[in-house]
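# Architecture and fold: a report
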Amino acid sequence: MKPMGRRGFLTASTALGIGAGLSTYAIASEASENETSDKTSDKTSDISRRDQDLPFIGTEETFTTPTLLKLNSINQDHIAFLEEIGLSDLGQRRIGDMDAGGLNVQILSAHTPSVQNVPGQRGIDLAYRLNRQLVDGPIAKYPGRFKAFATLPLQSPEAAADELERSVREDGFLGALTNGHIAKKYLDHPDFEPVLARAVALDVPIYLHPGYPADEVFKILYSTTRSEYKEEFQDYIFSGSGYGWHQEVLTQCIRMIAYGVFDRFPKLKIVIGHMGEGLPFYYERIVNDMGEPTEDSLEKPFGQYFQDNFWVTTSAFPQTELLDLLLKYISVDRVMFATDYPFADIKEQTDWFRGVDLPREDKEKIAFRNAEKLFKMKVPVK
């Protein structure tokens, strides 16, 4: 005789009128919840099977190089971790993970903060070499599987604008990705107008990826005087992926709107990741509270800029309830799939999205069509 299991036991007990130590209400309630859960699971499985053929473009997919590892890592343990998860692999391991998850294309971007903290000619040279490494390496070796965002020497804005244009026109890059503050300035600062103007002229987007806070911000918000809490890099993660990164990107978005970036550059295209970096949760509060004080200084209602100038990716947040909330405020035409590989598992993300209960047309938009339109590219035919 097969073991009955908890659900079977509860169902049988209810049929016999036996409480087995539980109230009749509790038994009926739990059985009902389990049946509902089973029905939801069955529906998800049906949708997932229907959408097994869904192509995917990953719009936030990270890589590093030995130079970047040395430049941006905390210590040797950090380097070992990044190498272990495959961040520096741009060959068969990465392709194998893409194939296992059904990810057709990765749009590559350099690990934060890339070279944007390197000033002068050294930063300019590093950015150029990093971009060319992608062109001569994985993009050439695996045709159609990789695209890229340019790395820019942002401490030299004119040179950064030139490198953006060169990488787009000569190498086919899809735009640029930035990583938080640049020498304690954000993209709303006048220094970066050459970069923004060039992005508009080229009709390519800028992806706002998080970066670690300036030292003084770190000390005020994230550091602790108790050494026992610094173990396992608690303060470092707190200021980064554990919380700080998401607030930092959203802050930059609000700054760009409030201080007139999109009035000066109405066709500027900005991408943010991680299911909106908290934007869906705060959306109504931001729009309502920032709307009134900016009414006379902005050309549009505050919330309109989120509709006109922003795209959002799902990177590393395979949570249906968050996607539902995002779609409440941001058009499905502005949402794109991403995995945040190798910090998140590709297959987990694609499996999740295949099972999401949305119309097939909307799922195609998020999975690949919106990216094709924004980046002027096509998913390669297998």
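Overview of the structure. Since the model is a prediction, treat every value here as computed from it, not as a measurement. The numbering scheme is per chain: residues are counted from 1 as the chain's sequence reads. Side-chain atom pairs in this predicted model are given and counted only at pLDDT of 80 or more, local residue features only at pLDDT of at least 70, and totals for whole chains, interfaces and linings cover all residues. As a rule here, side-chain values cover all heavy atoms of the structure and leave hydrogens and water aside.

### Points about the environment of alanine 367
Every helix listed is a DSSP run of H or I at least four residues long, and every strand listed is a run of E at least two residues long, numbered separately from the N terminus. Among the secondary structure elements, alanine 367 is positioned in helix 18 (residues 360–375). Throughout, exposure labels follow a simple rule: accessible area from a 1.4 Å probe, protein chains only, divided by the maximum for the residue type, with under 20% read as buried, over 50% as exposed, and the rest as partly exposed. Alanine 367 gets classed as buried once you look at its relative accessible area, which sits at 0%. Considering only alpha carbons, one finds alanine 367 and isoleucine 57, 310 residues apart in sequence, at a separation of 6.3 Å. Residues are treated as being in contact if the distance between any of their heavy atoms lies within 4.5 Å. Leave out the neighbours within four places in its chain, and alanine 367 touches Leu54, Pro55, Phe56, Ile57, Phe337 and Phe353.

### Overview of the sheet that holds strand 2 (residues 105–110)
The three strands lie next to each other as 1-2-3, forming an open sheet whose pairing is parallel. Because the sheet does not close on itself, it has two edges, and the strands there are strand 1 (57–63) and strand 3 (146–148). Across the sheet, the axes of successive neighbouring strands diverge by a mean angle of 35°, strand direction being ignored. Pairing between two strands is assigned when DSSP locates at least 2 bridges connecting them. In the sheet, strand 1 pairs with strand 2 via five bridges, with the strands oriented parallel. Looking at the pairing, isoleucine 57 lines up with valine 105 of strand 2. Here helix 5 (residues 92–101) sits on the sheet in contact with strand 1, strand 2 and strand 3, set at roughly 135° to strand 2. For helices, the fitted line uses only the C-alpha atoms of the stretch in contact; every axis is such a line through C-alpha atoms, and the angle between N-to-C directions lies from 0 to 180 degrees.

### Description of the nonpolar core
What makes a nonpolar core is a set of buried Ala, Val, Leu, Ile, Met, Phe, Trp, Tyr and Cys residues whose side-chain atoms join them at distances within 4.5 Å. Judged by nonpolar contacts, the single largest core of 93 residues is most densely connected at Leu268, Phe306 and Phe353. Counting residues per element, this core draws most heavily on helix 12 (residues 244–258), which supplies seven residues. In this structure, leucine 268 is in contact with Leu196, Ala199, Val200, Ile206, Met256, Val261, Phe262 and Asn309, ignoring residues within four places of it in sequence. If you look at the next biggest cluster of nonpolar residues, it comprises five residues, including Leu69, Ile79, Ile85 and Leu87.

### Focus on the pattern of salt bridges
Salt bridges are identified by distance alone: a Lys or Arg side-chain nitrogen within 4 Å of an Asp or Glu carboxyl oxygen. In this structure the tally under the stated criterion is 28 salt bridges. Aspartate 333 is the partner of lysine 365 in a salt bridge, and the nearest nitrogen-oxygen pair spans 2.8 Å. On the criterion of sequence distance, the pair formed by lysine 365 in helix 18 and aspartate 333 in the loop between helix 16 (320–329) and strand 8 (335–336) is long-range, its members being 32 residues apart. Its relative accessible area of 18% is what places lysine 365 among the buried residues. In this structure, aspartate 351 and arginine 354 form a salt bridge, with 3.2 Å as the shortest nitrogen-oxygen distance. Residue aspartate 351 and its partner arginine 354 are both found in helix 17 (residues 346–354); the two are separated by three residues, about one turn of the helix. When its relative accessible area of 6% is taken as the criterion, arginine 354 is described as buried.

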